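# Descriptive analysis of the structure
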Amino acid sequence: MPIKIPFTKNKKKNTQQSQSLDADHIPKHVAIIMDGNGRWAKKRGLPRIAGHKEGMSVVKKIVRHASDVGVSVLTLYAFSTENWKRPKNEVDFLMKLPIDFLNTYLPELIERNVQVQTIGDTEFLPEHTRKAVEEAIERTSDNNGLILNFALNYGSRFEMVQAVKQITARVENGELSTSDINEQLFSSHLYTADLFEPDLLIRTSGEQRLSNFLLWQLAYAEFWFTEVLWPDFDEQLFEQALHDYQNRKRRYGGI
Ligand code: V07
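Residues numbered from 1 in each chain as written. Predicted model: local features only at pLDDT ≥ 70, side-chain atom pairs only at ≥ 80, totals over all residues. Heavy atoms only, no water.

### Considering unusual backbone geometry
Under the convention used in this document: Starting at the N terminus, helices and strands are each numbered in turn, a helix being any DSSP run of H or I of at least four residues and a strand any DSSP run of E of at least two.
Although it is not a glycine, N153 adopts a positive phi angle of roughly 50°. Looking at the element boundaries, N153 is found in strand β4 (residues 147–154). In this model, S211 sits at a positive phi of 50°, which is unusual for a non-glycine residue.

This is the structure we're talking about:
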């Protein structure tokens, strides 16, 4: 177990930092790779699924906080196309998390005016998972607060390949000509067509790579990494990321 005293100190420091957040320059779209759940569990001699469960509670905290500080879109990498390769019991457990999360938290999301969306190939999720997520999307579709965007069965290369296929089909049927193809048209064929591009990417647990997440969309984003494992991530660290984002913008964004 980590020593708790320095954390109390940090908490105070970070509370002060939170007061210095510039409300006019909150990143509109924050994307997070919530890594380190398995490692968190292993460190405690618990099964990996215990880490995922704990990670889910952190999602709730960060959603509340993001909506409080005025973030417009929060995209969370919940399940990648690669995650199917994990042991069956782990995949089965992960597929229950959206249901569990929505059972306990959908009323609060509605209360908070949050709109649930997804990116990824959700067609191939188990029926019960897909149903629960679709119901949440439906029941929050009139909300106009934070967009809580879950990447579920998401892979960026797959997303881009399907965009190319859709565009090609439109060229073949004469709806478009090759000269119509530009960055904007390409973007409009991605799952994220209706969202702003992320301003800030957060990845926990010390890994510093994209792992097939939003490769096109992150072209201009600031990247922020922490060694902290996702189940240990909290509001203070989220504030820290926003604070560092604002400082970078101040330093490099002057011209
Ligand atoms: C998942 C918890 C967070 C850490 C990373 C992996 C495990 C929330 C959801 C979720 C998804 C859709 C939805 C509502 C909630 C979720 C999966 C994994 C697959 F509409 N957390 N979480 N989905 N983890």
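### Re the packing of aromatic side chains
What counts is decided by this rule: Think of it this way: a Phe, Tyr or Trp ring, Trp meaning its six-membered ring, pairs with another when their centres are within 6.5 Å, and the plane angle makes it stacked under 30 degrees, edge-to-face over 60, tilted otherwise. Partly exposed describes any residue whose relative accessible area lies between the buried limit of under 20% and the exposed limit of over 50%, with all areas from a 1.4 Å probe on protein chains only and scaled to the type maximum. Whether a charge lies above a ring is judged from NZ of Lys or CZ of Arg, which has to be within 6 Å of the ring centre and within 35 degrees of the ring normal.
Under the criterion given, the structure shown has ten aromatic pairs. Relative to F150, the ring of F101 lies with its centre 5.7 Å away and its plane at 80°, an arrangement referred to as edge-to-face. Of this pair, F101 sits in helix α4 (residues 88–111) while F150 sits in strand β4, placing them 49 residues apart in sequence. Considered together, F101 and F150 belong to a single accessibility category, that of buried residues. When the ring of W230 is compared with that of F233, the centres are 5.0 Å apart and the planes differ by 20°; the resulting orientation is stacked. Overall, W230 belongs to the buried group, its relative accessible area being 1%. By relative accessible area, F233 is classed as buried at 0%. Grouping aromatic residues by their ring pairs yields a cluster made of Y77, Y154, Y191 and F213. The ring of F196 carries the charged tip of K28 above its face, separated from the ring centre by 4.4 Å.

### Quick look at the side chain of E222
Spelled out, the test is: What qualifies as a polar contact is a pair of N or O atoms within 3.5 Å, subject to a donor-acceptor requirement within protein and to the restriction that residues adjacent in sequence count only when both atoms come from side chains. Contacts were defined at the residue level, with two residues in contact if any of their heavy atoms lie within 4.5 Å.
Structurally, E222 is set in strand β6 (residues 222–225). Among the polar contacts listed, one links the side chain of E222 to the side chain of R248, at a separation of 2.9 Å. Ignoring any residue separated from it by four or fewer positions in sequence, one finds E222 in contact with D199, L200, L201, Y245, R248 and K249.

### A few points about the nonpolar core
The tendency in soluble globular proteins is for nonpolar side chains to be buried side by side. Our working rule: Remark: nonpolar core denotes a set of buried residues (Ala, Val, Leu, Ile, Met, Phe, Trp, Tyr, Cys) joined through side-chain atoms within 4.5 Å.
Counting residues in each nonpolar core, the largest one holds 46 residues, and the members touching the most others are V30, I32, L74, L109, I202, F233 and F238. Sorting the residues of this core by element identifies β1 (29–33), α3 (48–69), β2 (73–80), α4, α5 (127–139), β4, β5 (200–203) and α8 (235–252) as the ones contributing at least two each. Residue contributions to this core peak at eleven residues, all from α4. Beyond its immediate stretch of four places on either side in the chain, L74 contacts V30, I32, I62, V63, A66, L146, I147, L148 and N149.

### Structural notes on the environment of E108
Within the element layout of this structure, E108 appears in helix α4. Expressed as a C-alpha distance, the spacing of E108 and K60, which sit 48 residues apart in the sequence, is 9.8 Å. Side chain to side chain, E108 and R64 meet in a polar contact 2.6 Å long.

### Considering the packing of α3 against α4
The test is simple: Comment: axis = line fitted to C-alpha atoms, over the contacting stretch for helices; angle = value between 0 and 180 degrees taken between N-to-C directions. For this classification, under 35 degrees means roughly parallel, over 145 means roughly antiparallel, 65 to 115 means roughly perpendicular, and everything else is oblique. By definition, any crossing whose near helix is turned counterclockwise from its far helix by less than a right angle is left-handed, and any crossing with a clockwise turn is right-handed.
Packing of α3 against α4 brings their axes to within 10 Å, and their N-to-C directions diverge by 30°. Classified by the angle between their axes, α3 and α4 sit roughly parallel to one another. When you trace α3 past α4, the crossing you get is right-handed. Contacts from R48, I49, H52, K53, M56, V59, K60, V63 and R64 of α3 reach α4 at E90, F93, L94, L97, D100, F101, T104, Y105, E108 and L109.

### A closer look at the sheet that holds β1
The condition is simple: Think of it this way: DSSP has to see at least two bridges between two strands before they count as a pair.
Across the sheet, six strands lie side by side as β3-β4-β2-β1-β5-β6; this open sheet has parallel pairing. Taken across any chain shown, the strands that pair with only one partner, and hence form the sheet edges, are β3 (115–119) and β6. With strand direction ignored, the average angle separating the axes of adjacent strands in the sheet is 20°. Pairing of β5 with β6, which is carried by four bridges, proceeds in the parallel orientation. Residue pairing for β6: R203 is matched across the bridge by F225. Against the sheet, α3 touches β1, β2 and β4, its axis set at about 160° to β2. Relative to β3, α5 is tilted by about 135°, and along the sheet it contacts β3 and β4.

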